[in-house]
Amino acid sequence: MKAIILVGGFGTRLRPLTLTVPKPLVEFANRPMILHQIEALVKAGVTDIVLAVNYRPEVMATFMEKYEQEFKVRITFSVESEPLDTAGPLALAKDILGKDDSPFFVLNSDVTCEFPFEELAAFHRSHGGEGTILVTRVDEPSKYGVVVNYPNSTAIERFVEKPKDFVSNKINAGIYIFNPSVLKRIEPVPTSMEKVIFPALAKESQLHAMSLPGFWMDVGQPRDYLTGTGLYLNALAKRDPSRLATGPGFVGHVLVHPTATIGENCKIGPNVVIGPGCVVGDGVRLQKAVILEGAQIKNHAWIQAAIIGWHSTVGKWARLEGTSVLGDDVHIADEVYINGGCVLPHKSVSSNITEPSIIM
């Protein structure tokens, strides 16, 4: 089988982290985001993966070389000279996606879930249509475009954008599977999958929906990245609890890299990830936080709802909250308070930031 991952462009929603590395290489639960997807695709029998990119492909290519060998999978880059939206990249990669009659997966690189690719492929083959999209249920459908099925059927009748009255609570989860015949409908020009291809397929009753089991989140911006981390850790607690930290000082679900060191009298969790080589001092409080590789959290710092970038330092008795994000190599002085600060790489902060703002 084959797959294409829509990597896209600059990753502006996840800045300042994406000023240092392309978004798919930002760690999520201590592994680059895209590796979660690649590993799940390989497990489902995928042998050819296309990465559709239009930003820094050379960085991605260098990174992917060793994983091609590790996962025994062919990874090809499809580089867009201009952004082709969500459907155009499929036409650009048609030589690989259409090389045989087997269906192919399509997924957005921002999505995290339990990736039920095998179940999706079996469901797709069972209904005989041209395409299947994974859908997930939401509590407030009026914020989204929703998927409406025919009564008592998995076939999709139509899509409704931000409905004022309830028609459905199912939304597109950003993961699809298609027969190669769908490539005949797409030209290598900017084309929207959601606005052009899906409605055309639905009109011919060729598009079906499968409900996604378990959690789902688009982790392309900091607030959702932190929420998605909590959902992932909750799922990990059910699937493989031995990977989570236990013992005095840990509260709820916490993932700690084996090379990280943690001081005495800390309270860590729930929903915390601590990366490789991190140093957490004594008396530190971490909650709903991600500490990326090589960061140092000094004694008695208090961090809630924040992402601490690679090789950054948070000073003694400092306090960070409000979805604050530190880029690479940022240094926060002792006793500084930051609320919703977005600090660009290689900066030092020595005064309080009381309102959400960008520090350049």
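An account of the accompanying structure is given in this report. Every value quoted in this text rests on a predicted model; they were computed, and no experiment measured them. (Residues numbered from 1 in each chain as written. Predicted model: local features only at pLDDT ≥ 70, side-chain atom pairs only at ≥ 80, totals over all residues. Heavy atoms only, no water.)

So, about the sheet that holds strand β15 (residues 261-262). In spatial order, the strands read β15-β18-β20-β22-β25-β28; together these six strands make up an open sheet with parallel pairing. Single-partner strands in this sheet number two, and they are β15 and β28 (348-349). Relative to β28, strand β25 (residues 331-332) runs parallel, the two sharing two bridges. The partner of I332 across the bridge, within β28, is V349. (Pairing = 2+ DSSP bridges. Helix = DSSP H or I, 4+ residues; strand = E, 2+ residues; numbered from the N terminus.)

A few words on the nonpolar core. What tends to happen in soluble globular proteins is that the nonpolar side chains get buried as a cluster. Grouped together as the largest cluster of nonpolar side chains are 66 residues, with contacts concentrated most on L51, F105 and Y225. For F105, the contacting residues outside a window of four places in its chain are M1, K2, A3, I4, L41, V46, F117, L120, A121, Y176 and I177. In terms of nonpolar packing, the next biggest core, distinct from the first, is built from 30 residues, C266, I291, I332 and I353 among them. (Core = buried A, V, L, I, M, F, W, Y, C linked by side-chain atoms within 4.5 Å. Buried < 20%, exposed > 50% of the residue type's maximum accessible area, 1.4 Å probe, protein only. Contact = heavy atoms within 4.5 Å.)

This next bit is on empty space enclosed by the protein. One pass over the structure, following the stated rule, counts one cavity of 30 Å³ or more. Its boundaries defined by the atoms lining it, the largest cavity holds a volume of some 50 Å³. The wall of the largest cavity is formed by F28, M33, H36, Q37, S109, D110, V111, T112, F115 and V219. Put simply, the parts of the chain that give the lining of the largest cavity at least two residues each are α1 (33-43) and β7 (111-113). Top element by residues in the lining of the largest cavity is α1. It accounts for three residues. When grouped by side-chain class, the residues that make up the lining of the largest cavity number five nonpolar, four polar and one charged. (1 Å grid on protein atoms, 1.4 Å probe; cavity = no way out; pocket = protein on both sides within 12 Å on 5 of 7 lines; lining within 4 Å. Points joined across faces, edges and corners; volume = space filled by probe spheres on them. Nonpolar A, V, L, I, M, F, W, Y, C, P; charged D, E, K, R; others polar.)

Counted by the stated rule, this structure contains eleven aromatic pairs. Arranged with centres 6.1 Å apart and planes meeting at 55 degrees, the rings of F104 and F178 form a pair that is tilted. Taken together, the residues F104 in strand β6 (residues 104-108) and F178 in strand β11 (residues 170-178) connect sequence positions 74 residues apart. Classification of F104 by relative accessible area gives buried; the value is 0%. Here Y176 and F198 contribute two aromatic rings whose centre-to-centre distance is 5.0 Å and whose plane-to-plane angle is 85 degrees, an arrangement assigned as edge-to-face. One end of the pair, Y176, is in strand β11; the other, F198, is in helix α6 (residues 193-203), and 22 residues separate them in sequence. (Phe/Tyr/Trp six-rings, centres within 6.5 Å; stacked < 30°, edge-to-face > 60°.)

Here the focus is the environment of Y337. Checked against the element boundaries, Y337 lands in strand β26 (residues 337-339). Judged by its relative accessible area of 24%, Y337 is partly exposed. Put simply, Y337 and N152 are 185 residues apart on the chain and 55 Å apart in space, counted from C-alpha to C-alpha. Once residues lying within four places of it in the same chain are set aside, the contact partners of Y337 are R319, E321, N352, I353 and T354.

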